[in-house]
Amino acid sequence: MKLTIPESPESKNEDKEILNAQIDKSSSYNRNLLMLTLSILAYVFTVCTSTTDVQLLMPGGTVKLPVLTTEIPLLLFFKIAPILIFILHLNLFINIYFHSRKVARWVIYNANKESKDVFLPPFIFNYRRLHAGKKISIYLLDLIIWILYCMSPVVVLVWIASRFLPYHDNAITIFHKVVITIDLCLILIFWPIALYSRIEDDSVKRFLLIRDFFKPYMNIVFQIILCFFVWFLIIIPETRSTLDSLMHRNLDVIDKVLLNKTVSDVIIQRYLAMGKTKKEAGFDYAEGLDLRNRDLRFADLSFSTLMKARLTNTNLQGANLSFANLQGANLYSANLQDTDLTTANLQGAYLYTANLQNAALYSANLKSDDLSSANLQGTDLSNSNLQGANLHLTNLQGAFLSYANFQGADLSFANLRRTDFASANLQGADLSSANLQGTYLNDVKIEGAYIDGAKFDCFSFDRNLLNDNVYKDIEIDETVKREQYLEDFEKILIKGALEKYIREKCGNFNKASVMKMLDAVNKNKVLEEFTEVRKQLACEDSDVAKGILRQHKYRDLEIGDEIRKHMQVTCKDIYEKIKPYLVEIDKMS
């Protein structure tokens, strides 16, 4: 570009020594300012890079600042850092703008002189002005200056937003995007001014001349691409997508001990001396994380220890918690939809009103858990341990419960329609008033279960009819099928027409299977036998005893007291072990 030299009295009368001193001082200041800004950018970039997903997960997490050897709250760092960088960037542009005006005066003063670079202080921006007529040199210098002045601050801002994204805080993420967008606007205004400013650029209108505004085309293209990336790709995911494999958008905390407080060696030794285990000491003295109301969607927490974690109202949709230890965790009203809880330890967890729809709970340990009123529709609980669990009013429609252990569990008033209970253990389970229409009960162990008021139908008793065609027919014409086949066994028993019903309505079914189940229904309507089975179960396992007594304390004080008295005589050691828990139950009631 050919530099236009205006005729001005100021340029002609400019004192050479004063001008050189100004250029030297300005070059030195801007050079130092650039180095300071780049150093701070590198520092912030390093801190962000060293921030782990564990730090992002921990409540009240802190960021350790290198060199300064101090820690600041993590959220505070990710709020302040973008503002600091924006201010530094603005300051950098303002100073380089005024420096460029001084350089313009210097060029005008030395326009007709040789060896101009003799007086020009060493500074990359000065060389850009000096080589204004050389295309190759100017392109290289423009690129370097663009990287230093435009690209580096924005890249760090984008990296801050990207690194914080797995935290899943929508307000802070939007704040990051807004700061980046404002910074890009800053570049659009100051980049042409800094490169093309002249001595007469005293008007704001000159700043936005079209001929100067679009000259740095590379900068414009870069900003368009960056804006698209920031607003359409740096987003908290609503569903799993291929983008997750390209960007780190969710927390990845695998096989970590995530506790606020762990048990000391002294306490462990004390427990071992009392004949107790290290696991018991760890559970009794561990202090769980407070992760209430957090958005942990699609987080990978597999194999991690989250004992006694407070996860009330936490969104864990699609998260991977396979093999995780969630013993004693509070998951009240948590969203666990589509969550992988395969082989997870949920013993003693509180899952009241939790949403476990389509969750994978295969081989999970849910001993004595409170799952009352939870949504477990379509959940895979195959081979899971639910001894003594409270599933009162729980929605298990369409769940897979084959080979699961429901000994002593409370399934009263539960929705068990079209549930697969094949080979499940329901000994001593409370199925009173549960809806078992369309439920598959082949090879179920149901001795001592209490089934008063439970609803069954013919589809429950024959493996051969439980195929896709039958279920498809039910779905297609449910009303007709209900009128033709489905009946309430409680009503049938009252009418005393079981044999006639079987011949007329269930003629194509395996009669032996139907009669076997009907015998179990008749037998297990006896409350006394149900109570006896529960007494035996309570004396076999302390956790099952806790679950059973918790159920009966709320709904049937007489049975609860009867089981307690039986334990005091028959299994005193287990009763003494659960005494502290019984005190808590009594307080709650």
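Quick caveat: nothing in here was measured; it's all calculated off a predicted structure.

Cut-offs applied
Residues numbered from 1 in each chain as written. Predicted model: local features only at pLDDT ≥ 70, side-chain atom pairs only at ≥ 80, totals over all residues. Heavy atoms only, no water. Helix = DSSP H or I, 4+ residues; strand = E, 2+ residues; numbered from the N terminus. Buried < 20%, exposed > 50% of the residue type's maximum accessible area, 1.4 Å probe, protein only. Contact = heavy atoms within 4.5 Å. Phe/Tyr/Trp six-rings, centres within 6.5 Å; stacked < 30°, edge-to-face > 60°. Lys NZ or Arg CZ within 6 Å of the ring centre and 35° of its normal. Salt bridge = Lys/Arg side-chain N within 4 Å of Asp/Glu carboxyl O. Pairing = 2+ DSSP bridges. Disulfide = S-S within 2.5 Å. Axes fitted to C-alpha atoms, helices over the stretch in contact; angles between N-to-C directions. Parallel < 35°, antiparallel > 145°, perpendicular 65-115°, else oblique. Left-handed = near helix turned anticlockwise from the far one by under 90°. Nonpolar A, V, L, I, M, F, W, Y, C, P; charged D, E, K, R; others polar. Polar contact = N/O pair within 3.5 Å; in protein donor to acceptor, adjacent residues only side chain to side chain. 1 Å grid on protein atoms, 1.4 Å probe; cavity = no way out; pocket = protein on both sides within 12 Å on 5 of 7 lines; lining within 4 Å. Points joined across faces, edges and corners; volume = space filled by probe spheres on them. Core = buried A, V, L, I, M, F, W, Y, C linked by side-chain atoms within 4.5 Å. Patch = residues over 30% accessible without salt bridge, like charges linked within 9 Å, V, L, I, M, F, W, Y side chains within 5 Å. Areas by Shrake-Rupley, 256 points an atom, 1.4 Å probe, with all protein chains shown as cover.

S.K.: Looking at this structure, I do not really get the overall build of the chain. What am I missing?
M.R.: Across its full length, the chain holds 23 helices and 4 strands. By the burial criterion, 51% of the 589 residues in the chain qualify as buried. In the chain, the proportion of contacts linking residues at least 24 apart, taken out of those at least 6 apart, comes to 44%.

S.K.: Is there a simple way to explain the packing of aromatic side chains in this structure?
M.R.: The way to describe two aromatic rings as a pair is by their centre distance and the angle between their planes. Evaluation of the coordinates by the stated rule reveals 12 aromatic pairs. Centroid distance Phe77 to Phe78: 5.2 Å. Interplanar angle 85 degrees. Geometry classified as edge-to-face. The pair Phe77 / Phe78 is uniform in exposure class, with both members buried. By the ring-pair criterion, three or more aromatic residues cluster together here, those being Phe77, Phe78, Phe164 and Tyr167. Cation over ring: Lys546 sits above Tyr581, and NZ or CZ is 5.3 Å from the ring centre.

S.K.: What should I look at first to understand unusual backbone geometry in this one?
M.R.: Trans is the common state for peptide bonds, and a negative phi is the common state for residues other than glycine. In this structure, Phe298 is a non-glycine residue whose phi angle is positive, near 60 degrees. Tracing the chain through its elements places Phe298 in the loop between strand 4 (287–288) and helix 14 (468–476). With relative accessibility at 6%, the residue Phe298 sits in the buried group.

S.K.: For this particular structure, what's the right way to read the pattern of salt bridges?
M.R.: Oppositely charged side chains are able to pair whenever their charged atoms sit close together. What the rule picks out here adds up to 9 salt bridges. Measuring nitrogen to oxygen at the nearest pair gives 2.9 Å for the salt bridge that ties Arg297 to Glu238. Here Arg297 is found in the loop between strand 4 and helix 14, whereas its partner Glu238 is found in the loop between helix 10 (217–232) and helix 11 (243–246), with 59 residues between them in sequence. Among the salt bridges present, the one from Lys367 reaches Asp541, with a minimum N-O distance of 2.6 Å.

S.K.: What am I meant to see in the pairing of strand 1 (residues 62–65) here?
M.R.: Regular strands have side chains that alternate between both faces of the sheet. Only one face of strand 1 is buried, namely the one carrying Val63 and Leu65, since none of Thr62 and Lys64 on the opposite face is buried. Where strand 1 meets strand 2 (residues 70–73), 4 bridges bridge the pair, whose relative direction is antiparallel. Across the sheet, the residue bridging to Thr62 is Pro73, located in strand 2. Adjacent in sequence and paired antiparallel, strand 1 and strand 2 are bridged by 4 residues, among which Val67 carries a positive phi angle near 70 degrees.

S.K.: What is the right way to look at the state of the cysteines in this model?
M.R.: Cysteine pairs can be linked by a disulfide, which is a covalent bond between their two sulfur atoms. This model, assessed by the stated rule, comprises 1 disulfide. The disulfide that involves Cys539 links it to Cys571, with 2.1 Å between the sulfurs. As the torsion about the S-S bond is roughly -65 degrees, the Cys539-Cys571 disulfide counts as left-handed. With Cys539 in the loop between helix 19 (527–538) and helix 20 (542–555) and Cys571 in the loop between helix 21 (557–570) and helix 22 (572–577), this pair connects stretches of sequence that are 32 residues apart. Of the two residues, Cys539 and Cys571, both sit in the buried class. Looking at the unpaired Cys185, the closest cysteine sulfur is the one in Cys227, lying at 7.3 Å.

S.K.: Which parts of the structure should I look at to understand the packing of helix 12 (residues 265–273) against helix 13 (residues 278–285)?
M.R.: Any two packed helices are characterised by how steeply their axes cross, that is the angle between the axes, and by the distance between the axes. The N-to-C vectors of helix 12 and helix 13 enclose an angle of 130 degrees; their axes lie 9 Å apart at closest approach. Looking at the two axes, helix 12 sits oblique to helix 13. In this structure, helix 12 meets helix 13 at a crossing whose hand is right-handed. For the pair formed by helix 12 and helix 13, the contact residues are Ile267, Ile268, Arg270, Tyr271 and Leu272 on the first element and Lys278, Glu280, Ala281, Asp284 and Tyr285 on the second. Its residues assigned to classes, the contact of helix 12 with helix 13 comprises 6 nonpolar, no polar and 4 charged.

S.K.: I'm lost on the environment of Ser304 in this one. Help?
M.R.: One can find Ser304 in the loop between strand 4 and helix 14. Its relative accessible area of 1% is what places Ser304 among the buried residues. For the pair Ser304 and Leu326, spaced 22 residues apart in sequence, the C-alpha separation works out to 8.6 Å. When neighbours within four sequence positions are excluded, Ser304 is seen to be in contact with Val253, Ile254, Asp255, Lys256, Leu258, Ala324 and Asn325. Within the structure, the side chain of Ser304 is placed 3.2 Å from the backbone nitrogen of Asp255, a separation counted as a polar contact.

S.K.: Honestly, the side chain of Ser382 in this entry has me stumped. Any pointers?
M.R.: Here Ser382 lies in the loop between strand 4 and helix 14. With relative accessibility at 10%, the residue Ser382 sits in the buried group. In this view, Ser382 contacts Leu361, Tyr362, Ser363, Phe400, Leu401 and Ser402; residues no more than four positions away in its chain are not counted.

S.K.: Honestly, the layout of surface pockets in this entry has me stumped. Any pointers?
M.R.: Where empty space is left in the structure can be found by rolling a water-sized probe over the atoms. What the largest pocket holds in volume is close to 1,500 Å³. Phe283, Asp284, Gln327, Asp543 and Lys546 are the residues nearest the centre of the largest pocket, which is lined by 44 residues in total. For the lining of the largest pocket, the secondary structure elements donating two or more residues are helix 12, helix 13, helix 20 and helix 23 (579–588). Top contributing element to the lining of the largest pocket by residue count: helix 13, with 6 residues. Split into classes, the residues belonging to the lining of the largest pocket amount to 18 nonpolar, 14 polar and 12 charged.

S.K.: Can you help me understand the nonpolar core in this one?
M.R.: The biggest cluster of nonpolar side chains holds 109 residues, and the ones touching the most others in it are Leu331, Leu391, Phe406, Leu411 and Phe421. Ranked by the residues each element gives to this core, the list is headed by helix 6 (residues 135–164), at 11 residues. Discounting residues that sit within four places of it in the chain, Leu391 has contacts with Leu371, Ser372, Leu376, Leu386, Leu396, Phe406, Ala409, Asp410, Leu411, Ser412 and Ala414. Residues Cys571, Tyr575, Ile578 and Leu582 belong to the second largest nonpolar core, which totals 17 residues.

S.K.: Where do I start with a nonpolar patch on the surface in this structure?
M.R.: A surface patch of nonpolar side chains, about 560 Å² in accessible area, is lined by Ile174, Val178, Ile182, Phe228, Trp231 and Phe232. Secondary-structure elements contributing two or more residues to the nonpolar patch are helix 7 (170–196) and helix 10. Examined against the element boundaries, Val178 turns out to sit in helix 7.

S.K.: Would you mind showing me how to read the environment of Ala354 here?
M.R.: Position of Ala354 relative to the elements: it lies in the loop between strand 4 and helix 14. With 40 residues separating them along the chain, Ala354 and Thr394 place their C-alpha atoms 9.7 Å apart. Setting aside its immediate chain neighbours within four residues, Ala354 contacts Leu331, Ser333, Ala334, Ala374 and Asn375.

S.K.: What is the right way to read the environment of Leu289 from this model?
M.R.: Considering the arrangement of structural elements, one finds Leu289 in the loop between strand 4 and helix 14. For Leu289, a relative accessible area of 0% translates into the label buried. Spatially, the C-alpha atoms of Leu289 and Pro59 are 6.9 Å apart, while their sequence positions differ by 230 residues. If we skip the residues at most four places from it in the chain, Leu289 touches Met58, Pro59, Leu258, Leu259, Asn260, Leu306, Ala309 and Arg310.

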